[in-house]
Amino acid sequence: MVQLANKTVLDRYLRLEIPDQKCQAMYVWVDGSGENLRSKTRTLSFIPKAPEELPIWNFDGSSTGQAEGSNSDVYLHPVALYRDPFRLGNNKLVLCETYKYNKKPTDTNHRYRCTEVMTRAASQHPWFGMEQEYTLLDVDKHPLGWPKNGYPGPQGPYYCGVGASKVYGRDVVEAHYRACLYTGINISGTNAEVMPAQWEFQVGPCEGINMGDDLWMARYLLHRVAEDFGIVVTLDPKPIPGDWNGAGMHTNFSTAAMRAPNGITAIETAIEKLGKVHSEHIRAYDPHGGKDNERRLTGLHETSSIHDFSAGVANRGASIRIPRGVAEEKTGYLEDRRPSSNADPYVVSERLVRTICLDES
């Protein structure tokens, strides 16, 4: 039997003082799956103020699906720095890009290419807001709070619900929210979702590459916080088959032209561009070229069909939704409802900018 950690005892050690000008830096990176995160810690003899000050490190890529055992070193290049909500003090979380032995980006280092695209489109000031849906599970991978030999009542009372019979796992949600605020992640909200044990948090608005950085680190914090509660997080876009909502990563997008007076014209032009490359976006909107989204984008449960492109005002069954307020004020943003919950935010944001800002298909 696995003995659960005593968090009270652990806290006693975490309160021990660290010598001046030393700190612990937790390096965090996306592994070879393109979905999971890994991390490890090193001691620094200074307190870093920017990621450029941190040393490049390495790890065994043969154990993360990023290298062969005969040539296993993969390099960690620090790119974003955050406060550490677990160790507190001057300790840091360090988001990293991964590079092969030949100094080329690994196959799942999508940040490298995304940065180049964001730089080219910088004059258009692309803003993003991503809505990350997820589901909480017991350690046996059964949805948290669900009957072990059956199902809860049908969907309806759970969305933004309150009460022990409607909401499961709020402690994780509240702890994660505070942890994100502490680190400096631009988290903007959270809510219970349509399926019981399903939740959502929103990050943004963020400009350019900051969107992917903040969302990946927010995902890391979510898994790490849930670990402390003995709960599992899944980003599977359809964790429970049948008459239950799936999970997405709805992406709100705008440029300076869309946010300007009469920006609705730019929004409509962007939607027209998106419609011409629907299949390319579907392939980019989950880690398996659209296979994950096939289970979710059925035309039911507040989704559009994966095979058809559509747009509409306040329509949650469309590929692209124009919020009612945007249509009335004729300025603002659009919402792309197609990305799956396990999509890479670097890939999604890059694909949107290539299509809308750079006219690349």
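Our subject in this report is the structure included herewith. A quick note: this is a predicted structure, and the numbers were derived from the prediction, not measured. Within each chain, residue numbers correspond to sequence positions counted from 1 in written order. With pLDDT at 70 or above as the cut-off, local features in this predicted model cover only qualifying residues; side-chain atom pairs require 80 or more to be listed or tallied, and sums for whole chains, interfaces and linings still use all residues. Side-chain metrics in this entry use all non-hydrogen atoms of the structure; hydrogen atoms and water are not considered.

1. So, the pairing of strand β10 (residues 249–254)
Which entries qualify depends on this criterion: Three labels apply to residues, based on accessible area from a 1.4 Å probe with only protein chains included: buried if under 20% of the type maximum, exposed if over 50%, partly exposed otherwise in between. In this text, helices come from DSSP runs of H or I with a minimum length of four residues, and strands from runs of E with a minimum of two, each type numbered from the N-terminal end. If DSSP finds at least two bridges between two strands, the strands pair.
Of all six residues in β10, six are buried; the element is thus mostly enclosed. The alternating pattern of β10 places M249, T251 and F253 on one face and H250, N252 and S254 on the opposite face, and all of these are buried. Where strand β6 (residues 127–137) and β10 come together, six bridges link them in antiparallel fashion. Across the sheet, residue F128 finds its bridge partner in β10, namely F253. Pairing geometry for β10 and strand β13 (residues 334–336), over three bridges, is antiparallel. When the sheet's bridge partners are listed, T251 is paired in β13 with D336.

2. Considering the packing of helix α6 (residues 264–276) against helix α10 (residues 345–356)
For any two helices packed against each other, the geometry is given by the interaxial angle and the distance between the axes. Stated formally: To get an axis, fit a line to the C-alpha atoms, keeping to the stretch in contact for a helix; angles then go from 0 to 180 degrees between the N-to-C directions. If an angle is under 35 degrees, it is roughly parallel; if it is over 145, roughly antiparallel; if it lies from 65 to 115, roughly perpendicular; otherwise it is oblique. We call two residues in contact when some of their heavy atoms are within 4.5 Å. Here the nonpolar group is Ala, Val, Leu, Ile, Met, Phe, Trp, Tyr, Cys and Pro; Asp, Glu, Lys and Arg are the charged ones; every other residue, Gly included, is treated as polar.
The contact between α6 and α10 brings their axes to 9 Å, and the two run at 110°. Judged on the interaxial angle alone, α10 and α6 are roughly perpendicular. Mapping the contact onto sequence places A270, K273 and L274 in α6 and L352, T355 and I356 in α10. Residues of the contact of α6 with α10, tallied by class, amount to four nonpolar, one polar and one charged.

3. Here's the deal with the side chain of H176
Summarising the element assignment, H176 is placed in helix α3 (residues 170–183). Apart from residues lying up to four places away in sequence, H176 is in contact with I187, F201, A218, L221, L222 and V225.

4. Overview of α10
In plain terms, the rule: To estimate how far a helix should reach, multiply one less than its number of residues by 1.5 Å. Counting of polar contacts relies on pairs of N or O atoms within 3.5 Å, with two restrictions inside protein: one atom must be capable of donating a hydrogen and the other of accepting it, and residues adjacent in sequence are counted only when both atoms are side-chain atoms.
Compared with the 16 Å implied by 1.5 Å per residue over twelve residues, the 16 Å span of α10 between its first and last C-alpha is a close match. In terms of residue burial, α10 counts as a mostly covered element, since twelve of its twelve residues are buried. Listed as buried for α10 are P345, Y346, V347, V348, S349, E350, R351, L352, V353, R354, T355 and I356. With a side-chain oxygen positioned 2.8 Å from the backbone nitrogen of Y346, the residue opening α10 is D344.

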